[in-house]
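Listed here are the chains, written in short residue letters.
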Amino acid sequence: MPAGNRQIRLLQRVVRMREVEKRQAAVKAAQAQDMHGKLLALQDRSSDIAASYSARRDAGDGTALGLQLQFTAGLEGIRGNTADEALRAKHSYRAAVSHLRLAGRRFEITDENLSIHQREEKMRVQSREATSLARKLKRPS
């Protein structure tokens, strides 16, 4: 087996690996974006609920008011934790997109390298065929 063919087969395997890496990075980026969106929606919903309960003035006595304030404080805590998680998810999404770009670039470089080697091998084969044909034509009959 010629060294060129072996190298081309190796590059083909690397290209497939890079393609899988790129696909996995795209899935992770999509999942991170989805999680970030869900956390932002949860944060907004928690804020809306807390605001609606804070605006209520229907507590009949101190106990009811205390429970309402506890509930509102709990919602604010959840909103704060969700905001922190949303920020982490945003950073995770940005990292995933960066990894996706890197994986895409690796794929492009490897694919381009494969194309170059395939063209070079094709030219070597054509050169050998032309040389062989020239020798055959040169031989006296």
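For the structure, check the block above.
A quick note: this is a predicted structure, and the numbers were derived from the prediction, not measured.

Colleague: Whenever I open this one, the pattern of salt bridges confuses me. Can you help?
Modeller: Going through the model one piece at a time under the given rule, you end up with nine salt bridges. One salt bridge connects E121 with R128, and the closest N-O pair in it is separated by 3.8 Å. When its relative accessible area of 48% is taken as the criterion, R128 is described as partly exposed.

Colleague: I keep staring at the environment of Q68 and nothing clicks. Help me out?
Modeller: Within the fold, Q68 resides in helix α2 (residues 62-138). Once the C-alpha coordinates of Q68 and G80 are considered, the two residues, 12 residues apart in sequence, prove to be 18 Å apart. Apart from residues lying up to four places away in sequence, Q68 is in contact with Y53, R56, D58 and A59.

Colleague: How should I be thinking about the side chain of T82 in this particular structure?
Modeller: One can find T82 in helix α2. With sequence-adjacent residues up to four places away left out, T82 is seen in contact with L39, L42 and Q43.

Colleague: Even after reading the chapter, I still don't get the nonpolar core, so can you show me in this structure?
Modeller: Taken as a class, soluble globular proteins show a tendency for nonpolar side chains to be buried jointly. Core analysis: the largest hydrophobic core is formed by five residues, namely I8, L11, V15, F107 and L114. Elements with a minimum of two residues in this core: α1 (3-55) and α2. At three residues, the largest contribution of residues to this core is made by α1. Non-local contacts of L114, meaning those with residues more than four positions away in its chain, are made with I8, L11, Q12 and V15.

What counts, and at which threshold
Residues numbered from 1 in each chain as written. Predicted model: local features only at pLDDT ≥ 70, side-chain atom pairs only at ≥ 80, totals over all residues. Heavy atoms only, no water. Salt bridge = Lys/Arg side-chain N within 4 Å of Asp/Glu carboxyl O. Buried < 20%, exposed > 50% of the residue type's maximum accessible area, 1.4 Å probe, protein only. Helix = DSSP H or I, 4+ residues; strand = E, 2+ residues; numbered from the N terminus. Contact = heavy atoms within 4.5 Å. Core = buried A, V, L, I, M, F, W, Y, C linked by side-chain atoms within 4.5 Å.

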